[in-house]
Amino acid sequence: DGTIRLWSRSNRAGQGDPVRLEGHSGPLRALAFSADGTLLASGSDGDHRILLWNVATGHQRKQLDVGGDVTAIVISPDSTLLASASEGKESIELWNLSTSKKHGELPGHDINTTALAFKSDGKTLVSGGSDQAVRVWDLGSSKETGEPTGTGGTVAQLALDPAGTMLASASRWPGAVQLRDLRRIGSPRDLPTGTPGGGNSVAFSPDGKMLAFTADE
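The rules behind the values
Residues numbered from 1 in each chain as written. Predicted model: local features only at pLDDT ≥ 70, side-chain atom pairs only at ≥ 80, totals over all residues. Heavy atoms only, no water. Helix = DSSP H or I, 4+ residues; strand = E, 2+ residues; numbered from the N terminus. Rg over C-alpha atoms; globule rule 2.2 N^0.38 Å. Buried < 20%, exposed > 50% of the residue type's maximum accessible area, 1.4 Å probe, protein only. Areas by Shrake-Rupley, 256 points an atom, 1.4 Å probe, with all protein chains shown as cover. Lys, Arg positive; Asp, Glu negative; His and termini not counted. Charge placed at Lys NZ, Arg CZ, Asp CG, Glu CD. Pairing = 2+ DSSP bridges. Axes fitted to C-alpha atoms, helices over the stretch in contact; angles between N-to-C directions.

Draft legend 1. Just the overall build of the protein, in detail. Along the backbone of the protein there are 0 helices and 21 strands. Compactness check: the protein gives a C-alpha radius of gyration of 17 Å against a globular reference of 17 Å for 217 residues, within 12% of the reference. On the principal axes, the C-alpha backbone points of the protein span a range of 45 × 40 × 30 Å. By residue count, 47% of the 217 residues in the protein fall in the buried class. Carbon together with sulfur atoms contributes 48% to the accessible area of the protein, which is approximately 11,000 Å² in total. Computed over 21 positive and 25 negative side-chain charges, the inter-centroid distance for the protein is 6 Å.

Here it is as structure tokens:
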């Protein structure tokens with residue numbers, strides 16, 4: 001319905017209504033919190049904008065005009081940069097959150113970029129796309145650190161373990177999960193999912209010892 005709902009600890013058990021953030025004109029597709037929890041970024045279909053929200057007040061702070069339906073958003077660990085991807089754009093856009101101005105672009109994916117993840121040091125960005133590839137970017141040089149690796153399907157989501165050394169990717173059709181060791185050059189390892197359906201999401205546990213995956217069927 002184009003709205004965002006925020007629950008605090010006090011109302012997570014159903015006590016009180018959530019805070020509603022209204023400003024988008026289309027369905028929400030992407031959300032990202034800053035590390036300190038003070039800023040929320042949101043992107044949707046239709047209005048071609050990313051909205052930046054003050055979490056404490058629920059007020060809209062800024063908007064970033066991206067020129068396409070937003071497919072992915074991620075905020076750097078130090079909350080200085082926002083990386084975004086939009087349909088119809090082959091480049092990943094980087095935004096300075098202090099000025100709300102574009103910081104740069106990372107061209108690489110042949111079609112749409114569909115998933116983004118920052119390493120914990122904030123110097124490396126990982127991306128996945130409809131071109132069935134995962135790419136690793138050095139933000140200091142704005143260049144890829146090596147050759148892209150294939151996934152066998154459009155990347156649905158990326159996840160990095162807490163140490164920032166292992167990367168998991170979930171792909172749509174087929175529902176594949178791959179594990180990559182970013183410290184080594186080599187082919188990713190396929191994990192048996194037991195499902196032919198489309199992959200949706202993947203996430204590491206806080207200690208990095210477990211990996212969760214969901215699929216359409």
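Draft legend 2. Spotlight on the sheet that holds strand 16 (residues 154–160). Across the sheet, which stays open at both edges, the 4 strands sit in the order 16-17-18-19 with antiparallel pairing between neighbours. Strand pairing shows two members of the sheet lacking a second neighbour, strand 16 and strand 19 (189–191), which therefore form its edges. Taking each pair of neighbouring strands and ignoring which way they run, the sheet shows an average axis angle of 25 degrees. In this structure, strand 16 lies alongside strand 17 (residues 166–172), joined through 6 bridges in antiparallel fashion. Bridging across to strand 17, L158 finds its partner in S169.

Draft legend 3. Inspection of the sheet that holds strand 3 (residues 28–33) at higher detail. The 4 strands lie next to each other as 3-4-5-6, forming an open sheet whose pairing is antiparallel. The open sheet is flanked by strand 3 and strand 6 (59–65), the only strands paired with a single partner. The mean angle between the axes of side-by-side strands here comes to 20 degrees, regardless of whether they run parallel or antiparallel. Where strand 4 (residues 39–44) and strand 5 (residues 49–54) come together, 5 bridges link them in antiparallel fashion. When the bridges of strand 5 are listed, S42 appears paired with L51.

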